[in-house]
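What follows is each chain in one-letter form.
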Amino acid sequence: MEFQEAKNKFVQTWGALGSQWGINKTMAQIHALLMVSNEPISMEDIMDELQISRGNASMNLRALMDWGIVYKEYKVGERKEFFTAEKDLDELAVKIARERSKREIKPTLKVLKEVSSIDANANEEEKHFVEQTQKLYDFVLKADNVLDKITEYKDNWLTKLVVKIMK
């Protein structure tokens, strides 16, 4: 397999995988392209490589920067903006986990807390509903707390040591 074919295959596969971690295909493809590029890439080059519009490229680059996994760079003597992706895979995983928690888990916790707090004295069905949604809330809260602890490891020397030992 030639380099360009391998690169295209990776970008397409990463794009398909993007929906698994909460982003659209084009956003994941842009991220993949930037992640495997040894130099920062201009928006125009991203558009050409992926055959996407300027608006699509701009919107998805902005979203990737909001996630904190793509950075804007400037080159001396160039008027174009260039972009690069987070290359540290541990840092990438932490940022994705934090963003997914913020966008998916925290809103779910809010809903679960709200629905499990209803007054359920009327019948067995209501009591069962409250009991089950409270159990779900407790479970998701524990999972989110574990995720928070894992993503804080970069700031905690003890957790760093544990992670290093586990590797």
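Residues numbered from 1 in each chain as written. Predicted model: local features only at pLDDT ≥ 70, side-chain atom pairs only at ≥ 80, totals over all residues. Heavy atoms only, no water.

Engineer: Could you give an account of the pairing of strand 3 (residues 82-85), naming the residues involved and the relevant values?
Structural biologist: Look at any regular strand and the pattern is simple: side chains alternate between the two faces of the sheet. Side chains Phe82 and Thr84 project from strand 3 onto one buried face, and the interleaved Phe83 and Ala85 project onto a second face that is buried too. The pairing of strand 1 (residues 41-42) with strand 3 spans 2 bridges and is classified as antiparallel. When the sheet's bridge partners are listed, Ile41 is paired in strand 3 with Phe83. In terms of strand pairing, strand 2 (residues 70-73) meets strand 3 through 4 bridges, oriented antiparallel. (Buried < 20%, exposed > 50% of the residue type's maximum accessible area, 1.4 Å probe, protein only. Helix = DSSP H or I, 4+ residues; strand = E, 2+ residues; numbered from the N terminus. Pairing = 2+ DSSP bridges.)

Engineer: Talk me through the packing of helix 2 (residues 25-35) against helix 3 (residues 43-50); I want residue IDs and the actual numbers.
Structural biologist: Axis separation between helix 2 and helix 3 bottoms out at 11 Å; the angle between their running directions is 115 degrees. Judged by the angle between their axes, helix 2 and helix 3 are roughly perpendicular. Considering only the axes of helix 2 and helix 3, their crossing is right-handed. The residues of helix 3 that touch helix 2, namely those facing Gln29, Ile30, Leu33 and Leu34, are Ile46, Glu49 and Leu50. For the contact of helix 2 with helix 3, the residue count by class is 5 nonpolar, 1 polar and 1 charged. (Axes fitted to C-alpha atoms, helices over the stretch in contact; angles between N-to-C directions. Parallel < 35°, antiparallel > 145°, perpendicular 65-115°, else oblique. Left-handed = near helix turned anticlockwise from the far one by under 90°. Contact = heavy atoms within 4.5 Å. Nonpolar A, V, L, I, M, F, W, Y, C, P; charged D, E, K, R; others polar.)

Engineer: So what about the pattern of salt bridges? Which residues, and what values?
Structural biologist: Inspection of every chain in the model, using the stated rule, returns 10 salt bridges. Residue Asp144 is joined to Lys106 by a salt bridge in which the shortest nitrogen-to-oxygen separation is 2.4 Å. Of this pair, Asp144 sits in helix 6 (residues 124-151) while Lys106 sits in helix 5 (residues 89-115), and the two are 38 residues apart along the sequence. Relative accessible area serves as the criterion here: at 2%, Asp144 is assigned to the buried category. (Salt bridge = Lys/Arg side-chain N within 4 Å of Asp/Glu carboxyl O.)

Engineer: Could you give me a rundown of the packing of helix 1 (residues 3-18) against helix 2, with the residues and numbers involved?
Structural biologist: For the pair helix 1 and helix 2, interaxial distance at closest approach is 7 Å and the crossing angle is 140 degrees. On the basis of their axis angle, the class for helix 1 and helix 2 is oblique. Like other packed secondary-structure pairs, helix 1 and helix 2 cross with a definite hand, here right-handed. Seen from helix 1, the contacting residues are Lys7, Phe10, Val11, Gln12, Trp14, Gly15 and Gly18; seen from helix 2, they are Lys25, Ala28, Gln29, His31, Ala32, Leu33 and Met35. Among the residues making up the contact of helix 1 with helix 2, the classes are represented as 7 nonpolar, 5 polar and 2 charged.

Engineer: Please provide a residue-by-residue account of the nonpolar core, values included.
Structural biologist: Counting 27 residues, the largest nonpolar core has Ile30, Leu34, Ile46 and Leu61 as its most contacted members. Top element by residues in this core is helix 2. It accounts for 7 residues. If we skip the residues at most four places from it in the chain, Leu61 touches Ile30, Leu34, Met43, Ile46, Val70 and Phe83. (Core = buried A, V, L, I, M, F, W, Y, C linked by side-chain atoms within 4.5 Å.)

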